[in-house]
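# Architecture and fold: a report
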Amino acid sequence: MNEPMVTIYSDRIEILSRGTIPQGQTVEGFFLDESIPVNKKLSEIFLQLHISEKTGRGVPKITEKYGKEAFEFRENSIIVKIPFNWINIMYDKEGNKEGNKEGNKEAGYSDLNETEKIILKEIKSNPNITKREIQEKICKGKTAIDRGISNLKEKGYIERIGSNRKGYWKILI
């Protein structure tokens, strides 16, 4: 089994999975929540992108949001095209839309200092970002990043889901 190939464009991510629909499964069944996971690596990628959960519902979730056009079937591969705004749309759908908290914190984030605002922006653009990556991106020291993240957690803006190594940041506002 070959690992999937991920290509990032300015407006989307394309994931090419080597192989085809499993023998005995129809295209209709593939789209009707009867999918049979055949590519463990691709399943892991969908899980990390919060497109799927362990129950293997990635195909129905993508189809529900983007239609069957998100999938392209080729002779020896399947390509999935996911627009970059997908994560933000999912946050909105789950009721975590920015500004939902009391006091409408989005209106300038007046309770945040500049470092906290920048950290929050980086986390919003990449929920899988590590503290070290934030530190390198915004040119601040480890202590400043730790303090900023701690304050964002205390103020109810973010929450860490999972371990530091394999987890992600959940936006709470």
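Residues numbered from 1 in each chain as written. Predicted model: local features only at pLDDT ≥ 70, side-chain atom pairs only at ≥ 80, totals over all residues. Heavy atoms only, no water.

Another aspect to go through is the pattern of salt bridges. This structure, assessed with the given rule, holds 8 salt bridges. One salt bridge connects Glu-116 with Lys-155, and the closest N-O pair in it is separated by 3.0 Å. Placement of Glu-116 in helix H5 (residues 114-125) and of Lys-155 in the loop between helix H7 (142-154) and strand E5 (158-161) is noted, with a sequence separation of 39 residues between them. We note a salt bridge from Asp-146 to Lys-131, for which the minimum N-O separation is 3.4 Å. Of this pair, Asp-146 sits in helix H7 while Lys-131 sits in helix H6 (residues 131-138), and the two are 15 residues apart along the sequence. What you see here is one network of salt bridges that share partners, running through Glu-72, Arg-74 and Lys-81. (Salt bridge = Lys/Arg side-chain N within 4 Å of Asp/Glu carboxyl O. Helix = DSSP H or I, 4+ residues; strand = E, 2+ residues; numbered from the N terminus.)

This brings us to the packing of aromatic side chains. Geometry of an aromatic ring pair is reported as the spacing of the ring centres plus the angle between the planes. A full pass over the atoms with the stated rule returns 0 aromatic pairs. Taking NZ or CZ as reference, Arg-160 lies 4.7 Å from the ring centre of Trp-169, over its face. (Phe/Tyr/Trp six-rings, centres within 6.5 Å; stacked < 30°, edge-to-face > 60°. Lys NZ or Arg CZ within 6 Å of the ring centre and 35° of its normal.)

Burial along E5 is one-sided: the residues Ile-158 and Arg-160 are buried and none of Glu-159 and Ile-161 is. Two strands pair when backbone bridges link them, and E5 and strand E6 (residues 168-171) are joined in this way by 4 bridges, in the antiparallel orientation. Bridging across to E6, Ile-161 finds its partner in Tyr-168. Adjacent in sequence and paired antiparallel, E5 and E6 are bridged by 6 residues, among which Gly-162 carries a positive phi angle near 85 degrees. (Buried < 20%, exposed > 50% of the residue type's maximum accessible area, 1.4 Å probe, protein only. Pairing = 2+ DSSP bridges.)

Assignment of secondary structure puts Ser-77 in strand E4 (residues 77-83). If near-sequence neighbours (up to four positions away) are discounted, Ser-77 is found in contact with Leu-16, Ser-17, Arg-18, Gly-19, Thr-20 and Glu-72. (Contact = heavy atoms within 4.5 Å.)

A word on the pairing of strand E1 (residues 5-8). In this structure, E1 lies alongside strand E2 (residues 12-18), joined through 4 bridges in antiparallel fashion. For Met-5, the partnering residue across the bridge sits in E2 and is Leu-16. Adjacent in sequence and paired antiparallel, E1 and E2 are bridged by 3 residues.

In this section: the confidence of the model for the protein. Atom-level detail of predicted coordinates should not be read off regions where pLDDT is low. Across the protein, the average pLDDT comes to 76, with 73% of residues at 70 or higher. Of all helices and strands in the protein, the one with the weakest mean pLDDT is helix H4 (residues 86-93) (44), whereas H7 scores best (93). A low-confidence stretch, residues 86-107 stays under pLDDT 50, and its non-local contacts, those more than four residues away or across chains, total 38 contacts. (pLDDT = per-residue confidence, 0-100.)

With antiparallel pairing, 4 strands are arranged side by side in an open sheet as E1-E2-E4-E3. At either margin of the open sheet sits one strand with a lone partner, and together these are E1 and strand E3 (71-73). The average angle at which neighbouring strand axes cross in this sheet is 15 degrees, direction not considered. (Axes fitted to C-alpha atoms, helices over the stretch in contact; angles between N-to-C directions.)

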